[in-house]
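The residues making up each chain are set out below.
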Amino acid sequence: MTKGKQSTSAVSLRGRDFLSVDDLTKLEINSLLDLAEEIKLHPKKFSAALKGKILALIFEKPSLRTRTSFTVAIDQLGGNCVDFPPGDLGFGRHESLYDVAKNLERMVDAVMIRTFAQETVVSFANFASIPVINGLTDHEHPCQAIADFLTIREHNKNFKQLKLTYVGDGNNVSHSLMLMAGKLGATLHVATPEHYEPNSDVVTRARALAEESGGSIVITHDPAEAARDAYVIYTDTWTSMGQEGEAQSRHEAFKGFQVNRELLSKARPDAMFMHCLPAHRGEEVTNDVIDSPQSVVFEEAENRVHVQKAILYALLKS
Ligand code: CP
Ligand code: NVA
């Protein structure tokens, strides 16, 4: 959160931005999770909470869940949205980022952006006087991580005592999960092939947070060891949006990192399989895992709606 005043109420993030998990304190994250749970339980109580508020959705990459969950969330809170699909705005090509920000701040109440560089959302937020939400960059996917920890918490309130494991690419999703684990005091093992580790600054930051919170962040190249006795096995695509040209070499590099029955069998018998989706079935995960009773991938997707509502409410509610 980079704008506005820190509220005395833990859940009010009024006027601030949400560009990184690291913009929130542990207390604010827990308050958002509590609010998302309350909204999920009592949606009608919040049906006019953001009446008259308008959210702009800017996508420079494709989206199913983020687009739908934000659209549904603002609608179910009594507001409306305007959606700019990839190619419509052309930041810096059709119109400067600054001009887009200065126009939109006069017409809408908040902007969600999905783009490539984290610097783009940071610059936009600096230019605009209204809250800006990161709907995924190459560096982070903070809204996803909040929804994922809501899902984990719903299944087991004692998740801080359990081993959580991420297997695959050290990408945007892994970064936000590491920062969440660091903030909340969870133990997260991240297993990647060599050369596909998470960003070293994020690792350092997540470890510093974990030191304060009592959690730990373990980076390894051994998926079997990471999966051993884990309560969560999380994976994501090997080829993120924008990396399509590397698909072939990534396919080779990630061969031993598929989440299949054999890898899942190393985890606890009650382990959950998680994935932010979209999944590339047969690549990072097999059908018998993603379609198994241990898979909670569609719960994660649904929780995007409840979490989006909590975020919008916290940023925009007067
Ligand atoms: N998980 C997620 O952000 O999905 P979309 O890319 O479909 O928005
Ligand atoms: N790492 C993936 C996440 C998609 C929600 C990507 O950036 O494409």
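Worth saying up front: this structure is predicted, and the values here are computed from it rather than measured.

Turning our eyes to something else, we now look at empty space enclosed by the protein. Under the definition given, this model contains two cavities of 30 Å³ or more. Size it by volume and the largest cavity reaches roughly 50 Å³. What lines the largest cavity is simply F149, I152, L164, T165, Y166, L177, L188, V232, Y234 and M274. Contributing elements (two or more residues each) for the lining of the largest cavity: α5 (142-155), β5 (163-167) and β8 (232-235). Here the element with the most residues in the lining of the largest cavity is β5; it accounts for three residues. Here the residues of the lining of the largest cavity sort into nine nonpolar, one polar and no charged. Taken as a whole, the second largest cavity spans an internal volume of roughly 30 Å³. As for the second largest cavity, its lining consists of I58, F59, E60, F84, P85, G87, D88, L89, G90 and R93.

Our next topic: the packing of aromatic side chains. The tally for this structure, following the rule as stated, stands at seven aromatic pairs. With a centroid separation of 5.8 Å and an interplanar angle of 70°, the aromatic rings of F149 and F159 are classed as edge-to-face. Here F149, found in helix α5, pairs with F159, found in the loop between α5 and β5; they are 10 residues apart in sequence, far enough to count as distant. For F159, a relative accessible area of 3% gives the class buried. Sitting over the ring of F59, R67 keeps its end group 4.2 Å from the ring centre.

As a further point, take the environment of D201. Tracing the chain through its elements places D201 in helix α7 (residues 200-213). C-alpha of D201 to C-alpha of A125: the two residues are 76 residues apart in sequence and 22 Å apart in space.

Near ligand 2 you find L136, H141, N171, N172, V173, D236, T237, S240, M241 and L277, and these make up its full shell. Separating a nitrogen atom of ligand 2 from a side-chain N or O atom of S240 is a distance of 2.7 Å. Compared with its free state, where it exposes 270 Å², ligand 2 has 95% of that area covered by protein. For ligand 2, the cavity whose grid points lie within 2 Å of the majority of its atoms is the largest pocket. For the shell around ligand 2, the residue count by class is four nonpolar, five polar and one charged.

Within this model, the largest pocket holds a volume of roughly 600 Å³. Taken together, 38 residues form the lining of the largest pocket, with N172, D236, T237, S240 and M241 sitting closest to its centre. Secondary-structure elements contributing two or more residues to the lining of the largest pocket are α2 (65-76), α6 (172-184) and α9 (247-253). Per element, the largest residue contribution to the lining of the largest pocket is three residues, and it comes from α6. Within the lining of the largest pocket, the residues separate by chemical class into 12 nonpolar, 16 polar and 10 charged.

With that out of the way, let us pick up the pattern of salt bridges. The final tally for this structure, using the stated rule, is 18 salt bridges. Two residues, E38 and K45, come together in a salt bridge whose shortest N-O distance is 2.5 Å. Its salt-bridge partner being D83, residue R67 comes within 2.6 Å of it at the nearest N-O pair. Of this pair, R67 sits in helix α2 while D83 sits in strand β2 (residues 80-84), placing them 16 residues apart in sequence. Classification of D83 by relative accessible area gives partly exposed; the value is 30%. Put simply, D34, E37, R153 and K157 are held in one network by salt bridges that share partners.

Take the sheet that holds β5 next. Strand pairing in a sheet takes place through backbone hydrogen bonds and is either antiparallel or parallel in direction. If you walk across this open sheet you meet the five strands as β7-β6-β5-β8-β9, and the pairing is parallel. Two strands close off the open sheet at either side, each with one partner strand: β7 (216-220) and β9 (272-275). Between one strand and the next, the sheet's axes are offset by a mean angle of 20°, whatever the strand orientation. Across four bridges, β8 lies against β9 in parallel orientation. Bridged to I233 within β9 is F273. Sheet strands in contact with α5 are β5, β8 and β9, and its direction is about 165° off that of β9. In the packing of helix α12 (residues 297-316) onto the sheet, contacts are made with β8 and β9, and the angle to β9 comes to roughly 50°.

Quick notes on the rules
- Residues numbered from 1 in each chain as written.
- Chains lettered and ligands numbered in written order.
- Predicted model: local features only at pLDDT ≥ 70, side-chain atom pairs only at ≥ 80, totals over all residues.
- Heavy atoms only, no water.
- 1 Å grid on protein atoms, 1.4 Å probe; cavity = no way out; pocket = protein on both sides within 12 Å on 5 of 7 lines; lining within 4 Å.
- Points joined across faces, edges and corners; volume = space filled by probe spheres on them.
- Helix = DSSP H or I, 4+ residues; strand = E, 2+ residues; numbered from the N terminus.
- Nonpolar A, V, L, I, M, F, W, Y, C, P; charged D, E, K, R; others polar.
- Phe/Tyr/Trp six-rings, centres within 6.5 Å; stacked < 30°, edge-to-face > 60°.
- Buried < 20%, exposed > 50% of the residue type's maximum accessible area, 1.4 Å probe, protein only.
- Lys NZ or Arg CZ within 6 Å of the ring centre and 35° of its normal.
- Near = heavy atom within 4 Å.
- Polar contact = N/O pair within 3.5 Å; in protein donor to acceptor, adjacent residues only side chain to side chain.
- Areas by Shrake-Rupley, 256 points an atom, 1.4 Å probe, with all protein chains shown as cover.
- Sits in = over half its atoms within 2 Å of the grid points.
- Salt bridge = Lys/Arg side-chain N within 4 Å of Asp/Glu carboxyl O.
- Pairing = 2+ DSSP bridges.
- Axes fitted to C-alpha atoms, helices over the stretch in contact; angles between N-to-C directions.
- Contact = heavy atoms within 4.5 Å.

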